[in-house]
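What follows is each chain in one-letter form.
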Amino acid sequence: MAIATDSPKTLEISRDGSQVTLALRGRVVLARVEALARDLGAVDTRGAASVAVDFRAVEALDSAGAWVLYRFMRPLRQSGVAVELAHASEAQTALMARMDPGAERRTLQRVMISPVRALIERLGHGTVEALNEARRLLSFFGLTAVTILRAVTSPRRVRLISFLSHVERVGLDAMPIVGLLSFLIGVVLAYQGADQLRAFGAEVLTVNLLGVTVLREIGVLMTAIMVAGRSGSAFTAEIGTMKVNDEVDAMQTLGIDPMEVLVLPRLFAMMVALPLLAFYANVMAIMGGGMMCVLELGVTPPQFLAQLREAVTLTQLTVGLVKAPFFAFLIAMVGCYEGLKVGGSAESVGLHTTQSVVVSIFLVIVADALFSILFSWLKI
Amino acid sequence: MASDEPIIRVRGLVTRFGANTIHDGLDLDIKRGEIMALVGGSGSGKSVLLRTLIGLKKQEGGSIEIFGRDMAKLDEDERRAVQERWGVLFQNGALFSALTVAQNVRVPFSEHTRLSSKLVGDLIRLKIRMVGLPPEAGAKYASELSGGMIKRAALARALALDPEIVFLDEPTAGLDPISAAAFDQLIDDLQKSLNLTVVIVTHDLDTLAAITHRIAVLVDKHIIVGTLQELMQLDHPWIKSYFHGPRGRAAFVQGR
């Protein structure tokens, strides 16, 4: 049973006038087909009227071995040479017969396209796909709006338990990581700001810089990005897994609206939790920056607070926080939409989860830019 | 056609999940060239036994000899050499979803052989044809195939290196009766022409009746082996209700 080649040659050729005899020996198996194919390629069959392949000394024949023999015999048979399997057992004959493809169609032809054309095609495909995607997302917004209206008219339809559990997961459970990162961002902002402002002898304005940037922009934006990565992706993965298990179809057959059960609780939870998280992130970032001011600039905590009161107004805070529900809406919508788009395989869950994070962060930043334009237009 | 030399010899096998003993001192001989079925109730450890045989689960005691070699004592290279000589068909096919059918069948060749790519291409087409798939199926992905075609494609991958043993985990589960019968016929055909040793885990009574030579029944953490006729004579309550229940009767009356 050793795999190593025990006998030196698998093939022995003898010729008697127009009769060629090929005696096979030993194991005609995958491990030795390449050598056999080489030997067969060297067989001189010119002028042969009949070829006999002798299986008497064959210890084992597998389909790879049979294939190589068949490949050798086919052109001979086609050119009118009589090919005989001598001393082949019933099983060996049956296996050889299996090699014949019959009238197998050769359909595996590749169409070659020039690379330039392929590139343009891909670009076109991508553009059309992106536009279609935007249209579908928009119609999903519409569907959600209709579902919300229905839920408002009969509040019984709102799933309270599910909503609360999502508030806990999106909001409460995110507090450690959001808090820590916001604190560190506050530290970095104050440190960098102080460094630059020192050149003008205006270190004390670090507090203004910190307060305004955190409250207006950074606090809510960073929170939204973190939540998109943490909870938006979770929405997609949860709903996507349910799609793969056909749970969403099961709901529909039981007369349960997946929009109502899966999407609305997540959407409402996100819209409640994200503003709260954003406020908390503001507090943590200012604490981080404040700590830096106290350590680096030598301001006392009461001085810091007084300067902060000077610098920021309630408007700054509201301008920041008013954006949070909109960001929340985008993140939850994209997360649920991508989840419902999952189809077929587990691979698709991963694909759509990535897609969900990329699209929701993109939309959050676009929305933030639009808000900036709006606020400057309103002169706030 | 089955010779008496056992190709798989299991002695005193013990497997556990935590405190839960699945097999307790199990003995089993599988002869070269036979089709052996493993049957048993849900949770009796059929799939666990299969996974233990192919080395995906470690046994807690006892020995498994395949091709006369103790599997526990092999090093990495020796294991690989033995693995080349068996093929496994998993329950849901386990085709690599990122690859086409033809690429799936190519995987064993590129991992274990150094054949020219033309010859490999020929052999891939041959295997795809041997399991009864149309040639154009080679360019398709698993997600584009029906359940029966996935099983055939997975069988083509399992047979790629012309193994001596194939392990089949519920090959006909989830197939319609016509496809299931065709799949049974395919296994029977291939077994005869390639002189395979086939180990099938199955719940399909028709498969048992149609193609298996011997049946190993897993009951009470042990195993009872016999031909269908022998097992039907036995007076064990579980075996009795298995083979003489309404479904068993329906399958075996026609099968005999």
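Throughout what follows, the structure given in this document is the object of discussion. Computed from a predicted model, the values in this text were never measured in an experiment.

Rules and cut-offs
- Residues numbered from 1 in each chain as written.
- Chains lettered and ligands numbered in written order.
- Predicted model: local features only at pLDDT ≥ 70, side-chain atom pairs only at ≥ 80, totals over all residues.
- Heavy atoms only, no water.
- Helix = DSSP H or I, 4+ residues; strand = E, 2+ residues; numbered from the N terminus.
- Buried < 20%, exposed > 50% of the residue type's maximum accessible area, 1.4 Å probe, protein only.
- Contact = heavy atoms within 4.5 Å.
- Areas by Shrake-Rupley, 256 points an atom, 1.4 Å probe, with all protein chains shown as cover.
- Pairing = 2+ DSSP bridges.
- Axes fitted to C-alpha atoms, helices over the stretch in contact; angles between N-to-C directions.
- Core = buried A, V, L, I, M, F, W, Y, C linked by side-chain atoms within 4.5 Å.
- Arc of directions from axis to C-beta.
- Expected span 1.5 Å × (residues − 1).
- Salt bridge = Lys/Arg side-chain N within 4 Å of Asp/Glu carboxyl O.
- Polar contact = N/O pair within 3.5 Å; in protein donor to acceptor, adjacent residues only side chain to side chain.
- Nonpolar A, V, L, I, M, F, W, Y, C, P; charged D, E, K, R; others polar.
- Lys, Arg positive; Asp, Glu negative; His and termini not counted.
- Phe/Tyr/Trp six-rings, centres within 6.5 Å; stacked < 30°, edge-to-face > 60°.
- Lys NZ or Arg CZ within 6 Å of the ring centre and 35° of its normal.

1. Description of the overall build of chain A
A tally of helices and strands in chain A yields 13 helices and four strands. Per-residue burial over chain A gives 41% buried out of 380 residues. Within chain A, residue pairs in contact and separated by at least 24 positions form 83% of the contacts whose partners lie at least 6 positions apart. Carbon and sulfur atoms form 65% of the exposed surface of chain A, whose accessible area is close to 20,600 Å².

2. Some words on the pairing of strand β1 (residues 6-17) of chain B
Residues in a regular strand point their side chains to alternate faces of the sheet. All names here are of chain B. Direction of pairing for β1 relative to strand β2 (residues 20-31): antiparallel, over a ladder of nine bridges. Residue V10 lies in a different strand from β2, and its bridge partner there is L28. Once β1 ends, the chain turns through two residues before running back antiparallel as β2, passing G18 with a positive phi of about 60°. The pairing of β1 with strand β4 (residues 61-66) spans five bridges and is antiparallel. Bridging across to β4, I8 finds its partner in I66.

3. Details of the sheet that holds β2(B)
Residue and element names in this part refer to chain B. The four strands are arranged β2-β1-β4-β5 in an open sheet whose pairing can be described as antiparallel. With one partner strand each, in any of the chains shown, β2 and β5 (69-70) form the two edges of the open sheet. The strands touched by helix α1 (residues 46-53) within the sheet are β1, β2 and β4, with β1 carrying the most contacts at an inclination of about 120°.

4. Some details on the sheet that holds strand β2 (residues 19-28) of chain A
Residues and elements named next belong to chain A. Taking strand neighbours across the sheet as the criterion, the four strands line up as β1-β2-β3-β4 in an open arrangement whose pairing is mixed. Looking along the sheet, the strands with just one partner apiece sit at the ends: β1 (11-16) and β4 (82-86). Across this sheet, the average inter-strand angle for adjacent strands is 20°, counted without regard to direction. Here six bridges tie β1 to β2, and the two strands are oriented antiparallel to one another. Along β2, the bridge assignment pairs D16 with Q19. Across the sheet, helix α2 (residues 63-78) touches β2, β3 (50-61) and β4, and the angle it forms with β3 is around 175°. Packed on one face of the sheet, helix α3 (residues 90-98) meets β3 and β4 and runs near 115° to β3.

5. Remarks on the nonpolar core
L22(A), L24(A), L61(A), L69(A), F109(B) and L123(B) are the most contacted members of the largest nonpolar core, which has 70 residues in total. Ranked by residues supplied to this core, first place goes to α2(A) with nine residues. Discounting chain neighbours no more than four positions away, the residues touching F109(B) are L30(A), L115(B), V120(B), L123(B), I124(B), A160(B) and L161(B). Core analysis: the next-biggest nonpolar cluster, separate from the first, contains 46 residues, V178(A), A224(A), V334(A) and A367(A) among them.

6. Quick look at unusual backbone geometry
Residue and element names in this part refer to chain B. Positive phi values are uncommon outside glycine, yet D162 reaches one of about 50°. On the basis of relative accessibility, which here comes to 11%, the residue D162 falls in the buried class. The phi dihedral of E170 is positive, around 45°, even though this residue is not glycine. Examined against the element boundaries, E170 turns out to sit in the loop between β7 (165-169) and α6 (177-194).

7. Digging into helix α5 (residues 160-170) of chain A
All names here are of chain A. For α5, the full list of buried residues reads F163, H166 and V170. The buried residues of α5 all sit within an arc of 65° when viewed along its axis, so they share a single face. Exposed residues pointing more than 90 degrees away from the buried face of α5 are listed as L160 and I161.

8. Points about helix α13 (residues 346-377) of chain A
Residues and elements named next belong to chain A. Helix length check: α13 (32 residues) gives 47 Å between terminal C-alpha atoms against 46 Å at 1.5 Å per residue, within 8%. Listed as buried for α13 are S348, V349, H352, T353, S356, S360, V364, A367, D368, F371 and F375. Among the structural elements, α7 (206-244), α11 (314-321) and α12 (323-341) are those in contact with the buried residues of α13. Once α13 ends, the next one or two residues include K379, with phi positive near 60°.

9. Re the interface of chain B and chain A
Every contact between the two is made by 28 residues of chain B and, on the other side, 23 residues of chain A. The interface formed by chain B and chain A holds one salt bridge in total. In this structure, R71(A) and D122(B) form a salt bridge, with 3.0 Å as the shortest nitrogen-oxygen distance. Across the contact surface, chain B and chain A share seven residue pairs in polar contact (both at pLDDT 80 or more). With nine residues, the top contributor of residues to the side of chain B that touches chain A is helix α4 (residues 117-130) of chain B. When the residues that make up the side of chain B that touches chain A are grouped by side-chain class, the tally is eleven nonpolar, four polar and 13 charged.

10. Things to note about the side chain of E170(B)
As a buried residue without a salt bridge, E170(B) has its nearest oppositely charged side chain in K46(B), at a separation of 5.0 Å. Discounting residues that sit within four places of it in the chain, E170(B) has contacts with K46(B), Q91(B), K151(B), V201(B) and H203(B).

11. Digging into the packing of aromatic side chains
A full pass over the atoms with the stated rule returns nine aromatic pairs over all chains. Here the aromatic rings of W67(A) and Y70(A) are separated by 5.7 Å at their centres, their planes lie at 35°, and the arrangement is tilted. With a gap of three residues between them, W67(A) and Y70(A) both fall in helix α2, about one helical turn apart. There is no split in this pair, since W67(A) and Y70(A) are both buried. Taken together, a centroid distance of 5.8 Å and an interplanar angle of 90° make the contact between W86(B) and F167(B) edge-to-face. Linking W86(B) in strand β6 (residues 86-89) with F167(B) in strand β7, this pair joins segments that are 81 residues apart in sequence. What makes F167(B) buried here is its relative accessible area of 0%. Joined through ring pairs, the aromatic side chains of F326(A), F327(A), F371(A) and F375(A) make up one cluster. Over the ring of F235(A) we find R266(A), and its NZ or CZ is 5.6 Å from the ring centre. For the cation-ring pair, R157(B) lies above F96(B), with the distance from its terminal atom to the ring centre recorded as 4.6 Å.

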